[in-house]
Amino acid sequence: MTETTFITEEMDTPPEVERKRPNAWLRLARYTVGKFFSLFLAVLIGMYLTILVANMGGYVDEIMRAQIRDGISLQISMDPEMRQRPPAERNQLINELVEVEERRLGLDQPFIGRSFRFLYNAMRLDLGRAQHITSDTGSRFVRLVILERLPPTLLLMTTASFSLFIISLVFALFLSRNYGSILDKIVIALSPTSSAPPWFYGIFLLLIFAAVLGWLPFGGMVAAPPPEDPIAYALSLGRHLILPVAAWMISGFFASVFGWRTFFLIFSMEDYVELARAKGLPARDIERRYILRPTLPNIITSFALMLILLWQGAIITETVFNWPGLGRMLFRAVQTFDTPVIIGSNVIYAYLLAFTVFLLDFIYALVDPRVRMGSGGPKA
Amino acid sequence: MKKFFTSIKQYPSAIVGLILILFLVVLSIYVVVAIPYDQAIRIWRGGEDVRGDVPRTARPIYVNWFTPQKLPTTIVIDSADPGAGIEKTRTQITDDMWDIQMVLPFDYPYDGFPQEMQLILTATYEEKNPFVTLTWYFPDGERIKIADVTSRRNETVRFDLQDRLLRQLDGVPPRIALLSVPESDPPEVRQGRYELHVDTIVFEEGSDIEAKFVSMGQVHGIAGTDHRRRDLLLPLLWGAPIALAFGLTAALGTTFTTMFIAAIGVWFGGLVDELIQRITEIYMVLPFLPILIMVGIFYSRSIWVLLVVVIALSIFSAAIKNYRAIFLQIKESAYIEAARSYGAGNWRIISRYLVPRIIPILIPGLIGAIPGYVFLEASLALLGLGDPILPTWGKVINDAQMNGALYNGYYYWVLQPAAMLMITGLGFAMIGFALDRIFNPKLREV
C-alpha cells in the first residue's frame, strides 16, 4: 500500500535532491500532506459507504425527518400565541412547516443529492439527537455523547496496547537470546491460545477474580459513587483497569511474543549481525544497533496494525467489562435501536482508524530513512 | 500426501489439533443426523408442545460428582407411564361415585431442596369434574393434606401456591417444608421414602384420571438448563456444525477472493493494480465491526447474511499485500513466460498458472483464520446480534451474560460453551501453526 507512493515520488524527484538535508524535510512534509489527503479521501469514501448501508433501509431519512418534526413541534409549543389555538389547527401548522422545512433541506429530492449533505453532516458528527442514549451531563446530542465516551476508550486502549506491546517486545528479545530454552518452548506451545479474543479471556478473569475470589470489581470504570479525592479516584480507576487490560494481555501475549521472537531470530541470522558478533560487540549493542534499529519500521507497522485491531475489539471487551466507552455506547445503541448513535459510532471509529494509519505513516516516514531520502521504497 | 503426514507427525500440537477437529467433525455429523435441523430449531425456539418438566437454570448433573453435597435431580413419577408401576385401585362407592386411589412413591436421597414441586392431573370426563384429594406421607408415616382440587381436563397443582398448606406450614414454602426434618431451622433435608397419595372421586362411569408428580431438581441433564427451561445440551451440540460451517465458509470465502484479486492486480498491473491498492487503503479505515453491527440491526440477523457481509468486507484486507508480493515473484517465472508465448489468455494464466502455485502457501493462513471467524460469530452473538433462530455457542454465552450468570454463580452456563469455543479455536490454531512451519522452511529453522 505504502510502496506505490514511494515509487511515484521517487520518479518525480530529480536524483540530485538527496544531497541536502532541508530537501529531505521538504520531502517528508510533502509525503505527510499527501498521506493526509489520501487518508481523508479514504475516510470520506468509507463514510459514504456506511451511509449507503444505513440508508438502504431509509434510516437516515427517518433520522432527519424526526429531527425536523421535533424541532418544529418544540418551536410551536413554546410559542405563547400558538398555545391559544385549538390542537387541530396547531397540528396542521406543524405539518405545513415540516413540509416546508423538508423541502428546504431537500428531503423531497432524490437520494443521491441528499446523501452528500448527510455525509457532510456525518463527518462533522452533526447527527442530531440520540433517540435514547444521553450523555452524563444529560445532553442528547450525538456529538456530545460520543465525545464524552471517547476518553475512557482511549484510556483503556492505550493502557492495554502499550503494556501488551512493550512487555511482549522485551520478552521476545529475551527469548530470541535464549531460544530453544524451556520457556521458549512453552511460549511456542501456548501461542495458539491467542486465537481467542480478549472478551473470551475476560469472562474467565471475571469468573475467577470477581465472582469466585471477589478481589476485583465486575466492571465499570470507577467505584460508585466516584471517590472525591483524586488519588483515591486514580486508585479506583486502576483497580477497574486491571481485568480488562489483563484480558487483553492474555489474548495477545503469546502470539505476539512468538511473532516477535521469530522475527528477531530471522534478523539475527543476517550476515551483518554475524559480523558484529564476530567482532565481539556486546550482545546489548548488537540487539540495539543491529537488530532493533533496522526492524524499527516493521515494529511500528505491527504496532499500528495492533491498534487498528484494538479499536474494533474494544467494542466487545468494553461491553463485557461494562467500561463506559465507545464500545459500550455502541452496544447500548444496538440494544435500543438508536440509529443516530450507531451511525455516529461508525464515523468516530473511521476517524480513529484513519488517525492511527496516518500516525503510522508519519512515524514510519520519520524512522525509515528511505522515505526521507527518497532512495527507493522498502522491499515488498 | 504421505510426506505431509510424516512431516506433521513432528509436531505434537498438530496431532492434538487434528484430534480436536476430528472430534468436532464427528460430533457435527452425529448431531445433524441424530437431531435434524427442523427438530433442533423447534426444541430451541420452544413452545407449549416442547416444554418438558425442566427446571430453570439447573446445574449440570456432573456437579454432584465433585461435591459432597448431592443436589436433587428432577424426579418425575407418572401414573400413565407403565414403567413406573403405579397401581390404580378403583372402587364403586355409590351408583354414581367411584373412588380411584393412587400412590406415587419416591426416594429422596439428596442434600438440597427441589426448585419447584407440582402435580399435573389429566382427567377424562363428560360433564362432572373429578374431585381430587392430595395427601403427603413423610418417611415416618406422618401425613399432611396438600390440597383438594376439582380437576379440569388439564390441571396443574403447584405446591408452593397452596395457601392453606402454606399457612399450615407457618409460611415455609412446601417444597422445603415437605422434605425437611420437622422443627429444623434452617431447614434440613429429611432423606427417605416419601409417598404422595392421590385420592380421586369421579362422578361418571367412564371418567378416569392420571397424575404426574414432578419435583424439579437443582441439577438437570448433562449440560444443565437455561433461564427459559431449555436443555443446554442442544445448543452445545448444535453449535458445533454451525460454528464449523460459518468458520470454514468465511475463511475460504475471504482467503480465495482476496487471493484472486491480488492475482488480477499483479497480472494486469498498471491502473488495475493501482486501483486495487487504493481500495485496500479505503478498506483499512472501514470500521469492520461497526458496519457489521449496522447490517445486523438494519437488515438481517441471519448468520448467513452476516457471513456474506463478512466476506464482502474482508475482500480487500491487508492480506492482499502478502499475496501480491508472492505473485510478483511467480509472475517472473519461466513457465508463465512459456504459457504466454504459446498464447494463453489472461484469465487462463491467472486461474491455471498463477493461483494454483500459491495454494500451498495459502493453506496455513486459511486454517489459522477459521478460529477468528468462529469467535467473530460468538462476538456478534455476545453483542445481541446472534442469529435469532439458530442455537449457537455465542448465543448461550449472551443469554448467560444477560442473566448475570457469573454474578449469580451459574458458572456452567458460561464455561460449557466457552470450552467448546476453546476446543474449536485451539484445534484449528494448532494445525494452522504447524502447517505454517511445514510450508515456511524459514520458520522451521528457528
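Residues numbered from 1 in each chain as written. Chains lettered and ligands numbered in written order. Predicted model: local features only at pLDDT ≥ 70, side-chain atom pairs only at ≥ 80, totals over all residues.

## Considering the overall build of chain A
Definition in use: For helices the rule is a DSSP run of H or I covering at least 4 residues; for strands it is a run of E covering at least 2, with both sets numbered from the N terminus onward. To assign burial, the other C-beta atoms lying within 10 Å of each residue's own C-beta are counted, with C-beta atoms placed from the backbone; 20 or more indicates buried, 12 or fewer indicates exposed, and intermediate counts indicate partly exposed.
Counting secondary structure elements, chain A contains 15 helices and zero strands. Burial status across chain A gives 33% buried among its 380 residues.

## Description of the overall build of chain B
Note the cut-off: We compute the radius of gyration from the C-alpha atoms alone; for a globule the expected value is 2.2 Å times N to the 0.38, where N is the number of residues. Whether two residues are in contact is decided by their C-beta atoms, placed from the backbone, lying within 7 Å.
From N to C terminus, chain B includes 17 helices and nine strands. Over its C-alpha trace chain B gives a radius of gyration of 32 Å, far above what one expects of a compact globule, namely 22 Å for 446 residues. Once the C-alpha set of chain B is aligned to its principal axes, its extents read approximately 110 × 50 × 40 Å. Put simply, chain B has 446 residues, and 38% of those count as buried. Long-range contacts, defined as pairs at least 24 residues apart, comprise 73% of the intrachain contacts of chain B with a sequence gap of at least 6.

## Re the interface of chain A and chain B
We apply this condition: When residue character is reported, Ala, Val, Leu, Ile, Met, Phe, Trp, Tyr, Cys and Pro are called nonpolar, Asp, Glu, Lys and Arg charged, and the others, Gly included, polar.
At the junction of the two partners, chain A supplies 49 residues and chain B supplies 47 residues. Every element with two or more residues in the side of chain A that touches chain B is listed here: helix 2 (21-55), helix 9 (198-212), helix 10 (230-267), helix 12 (283-321), helix 13 (326-336) and helix 14 (339-367) of chain A. Of the residues forming the side of chain A that touches chain B, the biggest block, ten residues, is contributed by helix 2 of chain A. Residue composition of the side of chain A that touches chain B, by class: 36 nonpolar, 13 polar and no charged.

## Describing the packing of helix 2 (residues 12-34) of chain B against helix 16 (residues 411-439) of chain B
Helix-helix packing is described using two parameters, namely the angle between the two axes and the distance between the axes. Residue and element names in this part refer to chain B. Convention followed: Axes here mean lines fitted to C-alpha atoms, for a helix over just the part in contact, with angles spanning 0 to 180 degrees between N-to-C directions. Convention used here: angles under 35 degrees read as roughly parallel, angles over 145 as roughly antiparallel, angles from 65 to 115 as roughly perpendicular, and any remaining angle as oblique. Should the near helix be turned counterclockwise from the far one by less than a right angle, the crossing is left-handed, whereas a clockwise turn marks it as right-handed.
Closest axis-to-axis distance for the helix 2/helix 16 pair is 8 Å, and the angle between their directions is 135°. Comparing their axes, helix 16 and helix 2 come out oblique. Helix 2 and helix 16 meet at a crossing whose hand is left-handed. Of the residues in helix 16, those touching helix 2 at Ser13, Ala14, Val16, Gly17, Leu18, Leu20, Ile21 and Leu24 are Ile423, Thr424, Leu426, Gly427, Phe428, Met430, Ile431, Phe433 and Ala434.

## Some remarks on unusual backbone geometry
In this structure, Asn322 of chain A is a non-glycine residue whose phi angle is positive, near 55°. Inspection of the secondary structure puts Asn322 of chain A in the loop between helix 12 and helix 13. For Asn322 of chain A, a count of 16 C-beta atoms within 10 Å puts it in the partly exposed group. One non-glycine residue, Thr57 of chain B, adopts positive backbone phi at about 30°.

## With respect to the sheet that holds strand 2 (residues 88-94) of chain B
Residues and elements named next belong to chain B. Note the following rule: When DSSP locates at least two bridges between a pair of strands, those strands are taken to pair.
Here five strands make up an open sheet; going across it, the order is 2-3-8-5-6 and the pairing antiparallel. Whereas interior strands pair on both sides, the edge strands pair on one side only; in this sheet they are strand 2 and strand 6 (143-150). This sheet shows a mean twist of 20° between the axes of neighbouring strands, independent of strand direction. Across six bridges, strand 2 lies against strand 3 (residues 97-108) in antiparallel orientation. Bridge pairing in strand 3 links Thr91 to Asp99.

## Digging into the environment of Val98 of chain A
Residue and element names in this part refer to chain A. Inspection of the secondary structure assignment puts Val98 in helix 5 (residues 87-105). A sequence separation of 32 residues divides Val98 from Ala66, and the C-alpha atoms of the two residues are 9.9 Å apart. Once residues within four sequence positions are removed from consideration, Val98 is found in contact with Ile68, Arg69 and Ile72.

## Brief notes about the sheet that holds strand 4 (residues 116-124) of chain B
All names here are of chain B. Read across the sheet, four strands follow the order 1-9-4-7 without closing on themselves; strand pairing throughout is antiparallel. Of all the strands in the sheet, just strand 1 (75-78) and strand 7 (154-158) have a single pairing partner and so form its edges. Averaged over all neighbouring strand pairs, the angle between strand axes comes to 15°, with direction disregarded.

## A short note on the pairing of strand 4 of chain B
Residues and elements named next belong to chain B. Here strand 4 shows one buried face, formed by Met117, Leu119, Leu121 and Ala123, and one open face, formed by Glu116, Gln118, Ile120, Thr122 and Thr124. Across nine bridges, strand 4 lies against strand 9 (residues 208-216) in antiparallel orientation. Its bridge partner being in strand 9, Leu119 is matched across the sheet by Phe213.

## Some words on the confidence of the model for chain B
Note that predicted coordinates carrying low pLDDT should not be read in detail. Test applied: As a per-residue measure, pLDDT reflects the predictor's confidence and takes values from 0 up to 100.
For chain B, per-residue confidence averages 85 on the pLDDT scale, and 96% of positions sit at 70 or higher. What the predictor reports for the complex is a pTM of 0.81 with an ipTM of 0.77.

## Quick look at the nonpolar core
Nonpolar side chains tend to gather and get buried jointly when the protein is soluble and globular. The condition is simple: In this description, a nonpolar core means buried residues of the types Ala, Val, Leu, Ile, Met, Phe, Trp, Tyr and Cys, linked to one another by C-beta atoms lying within 7 Å.
By size, the foremost hydrophobic cluster in this structure holds 156 residues, and its most contacted members are Leu353 of chain A together with Val285 of chain B. When near neighbours in sequence (up to four residues on either side) are disregarded, Val285 of chain B contacts Leu39, Ala42, Val43, Gly46, Ala350, Leu353, Ala354 and Val357 of chain A. If you look at the next biggest cluster of nonpolar residues, it comprises 28 residues, including Ile77, Val132, Leu178 and Ile209 of chain B.

## With respect to the environment of Ala54 of chain A
Within the element layout of this structure, Ala54 of chain A appears in helix 2. Taking C-alpha positions, Ala54 of chain A is 7.7 Å from Ile343 of chain A, a pair spaced 289 residues apart along the chain.

## Looking at the packing of helix 7 (residues 233-268) of chain B against helix 11 (residues 319-331) of chain B
Residues and elements named next belong to chain B. Running from N to C, helix 7 and helix 11 point in directions that differ by 45°, and their axes come no closer than 9 Å. The angle between the axes of helix 7 and helix 11 places the two elements in the oblique class. The handedness of the crossing between helix 7 and helix 11 is right-handed. Every residue of helix 11 that contacts helix 7 at Thr258, Met259, Ile261, Ala262, Ala263, Gly265, Val266 and Trp267 is listed here: Ala319, Ile320, Tyr323, Arg324, Phe327, Leu328 and Lys331. A breakdown of the residues in the contact of helix 7 with helix 11 according to their chemical character gives eleven nonpolar, two polar and two charged.

## What about the confidence of the model for chain A?
Residues and elements named next belong to chain A. The predicted model of chain A averages 78 in pLDDT, with 88% of residues at 70 or higher. Note on residues 1-20: pLDDT under 50 across the span, and 24 contacts to partners over four residues away in sequence or across chains. Low pLDDT, under 50, characterises residues 375-380; the stretch is placed with 15 contacts to residues that sit more than four places away or in other chains.

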